[in-house]
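Observations on the model geometry
What follows is each chain in one-letter form.
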Amino acid sequence: MGLKSRKERTEQTTQPETPVGKGTQPLRADLRFEFINDYFLSDELRALKETAREFGERELNALVPDPRDTFIPQEKLLAALQNGASKEELEKLVNAAPRKVKRSRAQEFVGREGRFPMELWDKIASLGFFGIPFPEQYGGLGLGEMGNVAMFEELGKYDSGVAASIGLQLGLWEMPLFLDGTEDQRQQYLVPSIQGKMRGAFCLTEPGHGSDATNLETRAVEKNGYFHLTGTKQFITSATYADYFIVFGVTDPELQPGRGTSALIVPANAPGVTLGPHEDKMGIRASETASVRFDDVKVPVDSILGGNERRGKGLFSAMLAIDISRLTLAAGALGGSVAAIDKTLAFAAQREVAGGLLITKDNFQQDIGRCVAETYNMATTVYCIAKSVDDWIERGRPMQGYRSPFTVLAAVAKSLAPVKAREVITNALIYHGGYGFIEDYDIAKMYRDEIISELFEGTTFTCQKEIMKWVRDAGEYNLH
Ligand SMILES: Cc1cc2nc3c(=O)[nH]c(=O)nc-3n(C[C@H](O)[C@H](O)[C@H](O)COP(=O)(O)OP(=O)(O)OC[C@H]3O[C@@H](n4cnc5c(N)ncnc54)[C@H](O)[C@@H]3O)c2cc1C
């Protein structure tokens, strides 16, 4: 038995849609990781994971018509054109035309000009995803870092672009507000954001300063009770639809490098704010990225995140939020690996090579066996670290200070999981043979999506440098 032809695949996909929650592929490699669930997850966390899985199946894995396959008989089209059909009439014709092939919603994002599926925002908020780690008093679910990694592992199985957009809202907009914001700021910005009524973005990177944020060029000059903010921020996720930005700018240049930077909360519609072009990315196309320019933007001095006592401490806020977010990125990479193995097993279970199914071949078992082991390793690393962070906080030792133990642990996870996920997904793609190179199979999209987790929020090298700082200064603080 060989693989199905495109025609056969077409026929298959026009059959009744897969029931919600059942998935579109019969084999699930994540069943092999049940041990992680048994060992690490409370009933509440399992329920959260299940909710995230259902969301993925229903909203991201659901089959949608593929506009590439719209078929309009030539004579119908010619007649419409000869009769001087309007744009609306032509659109109606196209929409009414039969569509043969269906693709998953997540696959459709590839062709969507890199836009977030905004129709999902309220749904995501109603499931509580924007509030997973935060206390209930702010409308959160109070599920800590374990909740975070459980959700991002699941979302990473379906679409890394949607996961990155949720990750940005939760990890780099809400988390700094929660950790370092004043109570008023939490009420004003965090609470509506968790409810999905407000959106934010995080503006740290500049065209000339990415990995090293200690010498930012953005300036916030104080005059008559206002900061005048000037500078450009590069690669800002969700900038295109954010209501507010946290902008990192130098308020006290005499304290540079690093220590004179403050985090300012800036309305996206403030005069002097301009968005750059929307970036055309190779992957995670469901997340939106643009540069943002600030030209003498006037913001009140009380816009400093955490109030005046956190003036000059903005980079500490940035790094702490990034640390937490690094662990969730590692969880997403874990999810991507699990899904890649899942898809490859399903593929190999029906692909015949040299007179037998691919799944029975020694090289396949050896390579995918190694991938499963690597993925299992990722899972234990990610969940162990998340658990130790939650325990750390429970024992009354907050994650404060730039070089908290969590900084090293997050760097360990972030330096390992994305690299391993790339290896796993590459292997998975290779075992798809030529089909791995074809967009009808999810693995090509997963391959492109995965690379970003080695780049943003600190490249692998940046994380390794962080680990080496700790090794060098070992003894200065303990991990537990
Ligand atoms: C899709 C996307 C979304 C993003 N979203 C955001 C966002 O929302 N907010 C935000 O602020 N930023 C965001 N970023 C920016 C991202 O965090 C940076 O791109 C990343 O930190 C790397 O910085 P850089 O691109 O300037 O690379 P560089 O710092 O110029 O690094 C280039 C290369 O040099 C290496 N390198 C760096 N330092 C050294 C050194 N000392 N010695 C030797 N080699 C070194 C790096 O590892 C890398 O391989 C996003 C980026 C992308 C692509």
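Residues numbered from 1 in each chain as written. Predicted model: local features only at pLDDT ≥ 70, side-chain atom pairs only at ≥ 80, totals over all residues. Heavy atoms only, no water.

**Topic: unusual backbone geometry**
If a residue is not glycine, its phi is most likely negative; likewise, a peptide bond is most likely trans. Where we set the bar: Put simply, DSSP marks the helices as runs of H or I at least four residues long and the strands as runs of E at least two long, and each gets a number from the N terminus on. Categorising residues by exposure relies on relative accessible area from a 1.4 Å probe, with only protein chains included: less than 20% of the type maximum marks a residue as buried, more than 50% marks it as exposed, and the intermediate range marks it as partly exposed.
Of note, the phi angle at Asn224 is positive, near 45°, even though the residue is not glycine. Tracing the chain through its elements places Asn224 in the loop between β4 (219-223) and β5 (226-237). The class of Asn224 is exposed, set by a relative accessible area of 74%. A positive phi angle is found at Asp296, which is not glycine, with a value near 50°. Relative to the helices and strands, Asp296 resides in strand β9 (residues 289-300). Assessed through its relative accessible area of 47%, Asp296 is described here as partly exposed.

**As for the nonpolar core**
Put simply, the rule reads: What is meant by a nonpolar core is a set of buried Ala, Val, Leu, Ile, Met, Phe, Trp, Tyr and Cys residues, joined one to another through side-chain atoms within 4.5 Å. Each domain's extent was defined by an automatic or database domain assignment. Contacts: residue pairs with any heavy atoms within 4.5 Å of one another.
Met151, Leu204, Phe245 and Phe294 are the most contacted members of the largest nonpolar core, which totals 111 residues. The greatest single-element share of this core, amounting to 16 residues, is contributed by helix α11 (residues 314-348). When residues of this core are assigned to domains, at least three fall in each of domain 1 (200-314) and domain 2 (322-472). In this structure, Phe245 is in contact with Trp173, Ala201, Cys203, Ala239, Leu264, Ile265, Val266, Ala268, Val273, Leu275, Val292 and Phe294, ignoring residues within four places of it in sequence. Counting seven residues, the second largest nonpolar core, distinct from the first, contains Ala339, Ala340, Ile425 and Ala428.

**Things to note about the site of the ligand**
Test applied: By convention in these notes, a residue is near a molecule or strand provided one of its non-hydrogen atoms lies within 4 Å of it. Counted as a polar contact is a pair of N or O atoms within 3.5 Å, where, for protein atoms, one must be capable of donating a hydrogen and the other of accepting one, and residues adjacent in sequence contribute only when both atoms are in side chains. Here, Shrake-Rupley sampling with a 1.4 Å probe gives the accessible areas, and only protein chains in the shown set may cover a residue.
Not every one of the 18 residues close to the ligand is listed here, only the nearest: Thr205, Ser211, Phe235, Thr237 and Thr459. Within the backbone of Leu204, an N or O atom sits 3.0 Å from an oxygen atom of the ligand. Its free accessible area being 980 Å², the ligand has 63% of it covered by the protein chains. Broken down by secondary-structure element, the contributors of at least two residues to the shell around the ligand are β5 and α15 (460-472). A per-element tally of the shell around the ligand places β5 first, with three residues. Two domains each donate at least three residues to the shell around the ligand, and these are domain 1 (200-314) and domain 2 (322-472).

**What to know about the pattern of salt bridges**
Condition: Just to be clear on terms, a salt bridge is a Lys or Arg side-chain nitrogen sitting within 4 Å of an Asp or Glu carboxyl oxygen.
Tallying each qualifying case throughout the model produces 28 salt bridges. In this structure, the salt-bridge partner of Lys157 is Glu154, at a minimum N-O distance of 2.8 Å. Here Lys157 pairs with Glu154, and both are found in helix α8 (residues 144-158), just three residues apart, close to one helical turn. Take Glu154: its relative accessible area is 3%, and that puts it in the buried class. Linking Arg311 and Glu222 is a salt bridge whose minimum nitrogen-to-oxygen distance equals 2.6 Å. Taken as a pair, Arg311 in the loop between β9 and α11 and Glu222 in strand β4 lie far apart in primary sequence, 89 residues in all. Its relative accessible area of 40% is what places Glu222 among the partly exposed residues. Taken together, the shared-partner salt bridges in this structure form one network comprising Lys49, Glu153, Glu154 and Lys157.

**Observations regarding the confidence of the model for the chain**
Let me state the cut-off plainly: Every residue gets a pLDDT, meaning the predictor's confidence in that residue, from 0 to 100.
Looking at the chain as a whole, its pLDDT mean stands at 87, while 86% of the residues score no less than 70. For residues 1-31, every residue scores under 50 in pLDDT, and the model assigns this stretch 55 contacts once sequence neighbours within four places are set aside.

**Comments concerning the pairing of β4**
Note the cut-off: By this definition, two strands are paired if DSSP reports at least two bridges between them.
Two strands pair when backbone bridges link them, and β4 and β5 are joined in this way by five bridges, in the antiparallel orientation. Bridged to Ala220 within β5 is Leu229. The loop that links β4 with its antiparallel partner β5 comprises two residues; one of these, Asn224, has a positive phi angle of about 45°.

**Structural notes on the packing of helix α9 (residues 160-180) against α11**
The test is simple: An axis is simply a line fitted to the C-alpha atoms; with a helix, the fit covers only the stretch in contact. Between two such axes, the angle follows the N-to-C directions and lies from 0 to 180 degrees. By definition in this entry, angles of less than 35 degrees are roughly parallel, angles greater than 145 are roughly antiparallel, angles of 65 to 115 are roughly perpendicular, and the rest are oblique. Crossings are classed by handedness, with left-handed meaning an anticlockwise turn of the near helix from the far one by less than a right angle and right-handed meaning a clockwise turn. In this classification, Asp, Glu, Lys and Arg are treated as charged, Ala, Val, Leu, Ile, Met, Phe, Trp, Tyr, Cys and Pro as nonpolar, and every other residue, Gly included, as polar.
Look at α9 against α11: their axes get within 9 Å of each other, and the N-to-C directions meet at 125°. With respect to α11, the axis of α9 lies oblique. The chirality of how α9 crosses α11 is right-handed. Of α11, the residues touching α9 (which contributes Gly171, Leu172, Met175, Pro176, Leu179 and Asp180) are Ser317, Leu320, Ala321, Ile322, Ile324 and Ser325. Looking at the contact of α9 with α11, its residues break down into eight nonpolar, three polar and one charged.

**With respect to the packing of helix α12 (residues 362-394) against helix α13 (residues 405-431)**
Running from N to C, α12 and α13 cross one another at 160°; their axes reach a closest spacing of 10 Å. By the criterion of interaxial angle, the relationship of α12 to α13 is roughly antiparallel. In terms of crossing hand, the pair formed by α12 and α13 is left-handed. Its residues placed into classes, the contact of α12 with α13 shows 15 nonpolar, five polar and five charged.

**Considering the packing of aromatic side chains**
The condition that has to hold: Whether two aromatic rings pair depends on their centres lying within 6.5 Å, for rings of Phe, Tyr and Trp, where Trp uses its six-membered ring; planes under 30 degrees apart make the pair stacked, over 60 edge-to-face, and the rest tilted.
This structure, assessed with the given rule, holds 16 aromatic pairs. Residues Trp173 and Tyr244 carry aromatic rings whose centres are separated by 6.3 Å and whose planes lie at 5° to one another, so their mutual orientation is stacked. Of this pair, Trp173 sits in helix α9 while Tyr244 sits in strand β6 (residues 244-250), and the two are 71 residues apart along the sequence. There is no split in this pair, since Trp173 and Tyr244 are both buried. Note on Phe245 and Phe294: the rings are 6.0 Å apart at their centroids and 90° apart in plane angle, and the pair reads as edge-to-face. Note that Phe245 is positioned in strand β6 and Phe294 in strand β9, a separation of 49 residues in sequence.

**Some points on the environment of Ala348**
Inspection of the secondary structure puts Ala348 in helix α11. Along the chain, Ala348 and Thr360 lie twelve residues apart, while their C-alpha atoms are 8.3 Å from each other. Beyond its immediate stretch of four places on either side in the chain, Ala348 contacts Leu357, Leu358, Ile359 and Phe364.

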